[in-house]
Amino acid sequence: MTTPAIEFLGGDFVFPHVLEQLPAWLSDFPDLSIGHFETSDNVKLAYWVAGEGEPIIFVPGWSASGAHYVNVLFLLRKKYRVYVLDPRNQGLSQQVKFGTRIARFAVDLREFAHHLGVEQAHYCGWSMGASVIWSYIDLFGTKAIRKAVFVAEPISIYSHSNWTEDERRAAGGMTSSVESMIAAFVDGAPTNDLIVDTKVVKRYLEKGSKSYENSEAFANEYVSNDPDFLRLVLFDHATNDWRDVLSNKIDVPTAIFTGEETNNVPCQRWAQSVIPGSRLHIFSAAEEGDHFLMFKNPYKFTEELCSFLEHQD
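Keep in mind that what you see is a predicted model, and the values were worked out from it rather than measured. (Residues numbered from 1 in each chain as written. Predicted model: local features only at pLDDT ≥ 70, side-chain atom pairs only at ≥ 80, totals over all residues. Heavy atoms only, no water.)

(A) Main features of the overall build of the protein. Of regular secondary structure, the protein possesses 14 helices and nine strands. On C-alpha atoms alone, the protein measures out to a radius of gyration of 18 Å, which is about the 20 Å that the 2.2 N^0.38 rule sets for 313 residues. If one aligns the C-alpha atoms of the protein with their principal axes, the spans along those axes are about 55 × 45 × 45 Å. Burial status across the protein gives 56% buried among its 313 residues. Looking at the protein alone, contacts between residues at least 24 apart form 71% of all its contacts between residues at least 6 apart. Counting only carbon and sulfur atoms, one obtains 48% of the accessible surface of the protein, whose full area is about 12900 Å². (Helix = DSSP H or I, 4+ residues; strand = E, 2+ residues; numbered from the N terminus. Rg over C-alpha atoms; globule rule 2.2 N^0.38 Å. Buried < 20%, exposed > 50% of the residue type's maximum accessible area, 1.4 Å probe, protein only. Contact = heavy atoms within 4.5 Å. Areas by Shrake-Rupley, 256 points an atom, 1.4 Å probe, with all protein chains shown as cover.)

(B) Main features of the sheet that holds strand β8 (residues 254-259). Judged by pairing direction, the sheet is mixed, and its nine strands sit side by side in the order β1-β2-β3-β5-β4-β6-β7-β8-β9 without closing on themselves. Because the sheet does not close on itself, it has two edges, and the strands there are β1 (2-4) and β9 (279-283). Pairwise comparison of adjacent strand axes, ignoring direction, gives a mean angle of 20° for this sheet. Examined bridge by bridge, β8 and β9 share five bridges and lie parallel to one another. The partner of F257 across the bridge, within β9, is H281. (Pairing = 2+ DSSP bridges. Axes fitted to C-alpha atoms, helices over the stretch in contact; angles between N-to-C directions.)

(C) Just the layout of surface pockets, in detail. Each pocket or cavity is described by its volume, and for the largest pocket that value is around 860 Å³. When contributions to the lining of the largest pocket are tallied by element, the ones reaching two or more residues are α6 (178-187), α7 (199-206), α8 (210-222), α9 (227-230) and α10 (234-239). What the second largest pocket holds in volume is close to 310 Å³. In terms of lining, the second largest pocket is formed by 16 residues, of which the most central are R168, G173, M174, D193 and D197. Taken together, the residues of the lining of the second largest pocket sort by class into five nonpolar, seven polar and four charged. (1 Å grid on protein atoms, 1.4 Å probe; cavity = no way out; pocket = protein on both sides within 12 Å on 5 of 7 lines; lining within 4 Å. Points joined across faces, edges and corners; volume = space filled by probe spheres on them. Nonpolar A, V, L, I, M, F, W, Y, C, P; charged D, E, K, R; others polar.)

(D) Structural view of empty space enclosed by the protein. Taken as a whole and judged by the stated rule, the model has four cavities of 30 Å³ or more. Approximately 60 Å³ is the volume attributed to the largest cavity. For the lining of the largest cavity, the class distribution of residues is two nonpolar, four polar and five charged.

(E) Inspection of the packing of aromatic side chains at higher detail. Taken as a whole, this structure holds 22 aromatic pairs when the rule is applied. Judged by centre distance (5.0 Å) and plane angle (85°), the rings of Y69 and F295 are edge-to-face. Here Y69, found in the loop between β4 (54-59) and α2 (70-76), pairs with F295, found in helix α13 (residues 293-296); they are 226 residues apart in sequence, far enough to count as distant. The buried category is assigned to F295, whose relative accessible area is 4%. Above the plane of the ring of F74 lies R77, whose end atom (NZ or CZ) is 3.9 Å from the centre. The ring of F140 has R110 lying over it, and the distance from NZ or CZ to the ring centre is 4.3 Å. (Phe/Tyr/Trp six-rings, centres within 6.5 Å; stacked < 30°, edge-to-face > 60°. Lys NZ or Arg CZ within 6 Å of the ring centre and 35° of its normal.)

(F) Region of the structure containing the environment of I195. With respect to the helices and strands, I195 occurs in the loop between α6 and α7. Taking the C-alpha atoms as reference points, I195 and S176, 19 residues apart in sequence, are found 5.5 Å from one another. Setting aside residues up to four positions removed in sequence, I195 forms contacts with M174, T175, S176, S177 and S180.

Everything listed here is a matter of coordinates, which is why it stays silent on function.
So, in C-alpha cells, the structure goes:
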C-alpha cells in the first residue's frame with residue numbers, strides 16, 4: 001500500500017520557481033505516492049513511486065532521498081513506473097545502527113524488488129547508489145536487471161598510496177584519508193584538495209539551477225537526516241574498490257553519466273572501456289555537468305535516459 005505524497009506529507013508545497021514541464025505545486029503531481037516495506041532484518045524503508053509502464057528503480061546517493069528526485073519522477077512518469085528507494089538512515093526510512101554497509105544496502109535493494117513483485121527492472125544508481133547496484137551485481141548477478149545506469153560515481157573512492165597517478169585517475173580515487181573525507185563531508189571539517197576532492201561540495205553549494213533549487217527546497221522541507229546515522233555507512237562505502245565487478249560481471253546494456261565539472265571523467269571513460277557495449281554521456285559545463293547533473297538538468301538527463309532505455313540493443 002502507498003499513500004499519496006500530498007496526504008503523507010501533510011499538505012501542498014509551493015516550489016520556488018515555476019518551470020516549464022515541471023510541477024509548480026506538489027498538487028500538480030497527484031500520482032506521486034510514498035510507501036514502506038520491512039526488510040529481513042526488520043528495518044522499515046520508504047520509497048517514492050509514480051507513473052505507469054516498465055519499472056525503473058532509482059537508488060539515491062549518500063544523504064539523498066526520493067524527495068530529491070521529484071522532477072525526475074515527474075518527467076519520467078508518463079513512460080515508466082518509477083521507484084526511488086530511500087536507503088536505511090536516509091530520507092523517510094528508519095534510522096538504525098546496524099546493517100550500515102554497502103552489501104546490506106544491496107540486500108535491501110533486492111528485497112525491495114521482491115516486495116514490489118518486480119522480477120526485472122531497469123536500475124539507475126546515482127553516486128553511492130551506483131555502488132549499491134555494483135554490490136547487488138557482485139552478490140546476485142544481473143538476471144533481474146534489464147538495463148543499468150550509473151551516474152557520477154568513482155570506481156574506488158579511496159586512493160591507495162602505491163597507485164600511479166594513471167591508476168588513481170582510472171579508478172577515480174578522491175581521497176587519501178577516508179577519515180578526513182568523512183569529517184569534511186559530515187562535519188564540515190577543514191581539508192584541502194590534496195587530501196579530499198572537495199569539488200562535489202563546492203558544486204553542491206553553488207546550486208546553479210532553478211530545477212535543482214526546486215528539488216532541494218522540496219527535500220529540505222520534508223526530509224531531515226541525522227548526520228550521526230549518515231556517517232555510519234561512509235567508511236565502508238569509501239573503502240570499496242569495484243573495478244573487478246565492472247571488469248567482469250556487468251553483462252547487461254549499460255549507460256554511464258558524468259560531467260565536465262567533476263574530476264571523474266577519466267574513471268568513467270575507464271568504466272566504459274571495460275563494460276561491453278556501454279554508453280558514456282558527458283554533460284558539458286553549460287549543461288550543468290557536475291555531480292548533481294540529473295537534478296540540475298533533469299530535462300537533458302531524462303531525455304537521454306529514455307533514449308537509452310528505448311533503444312533496441
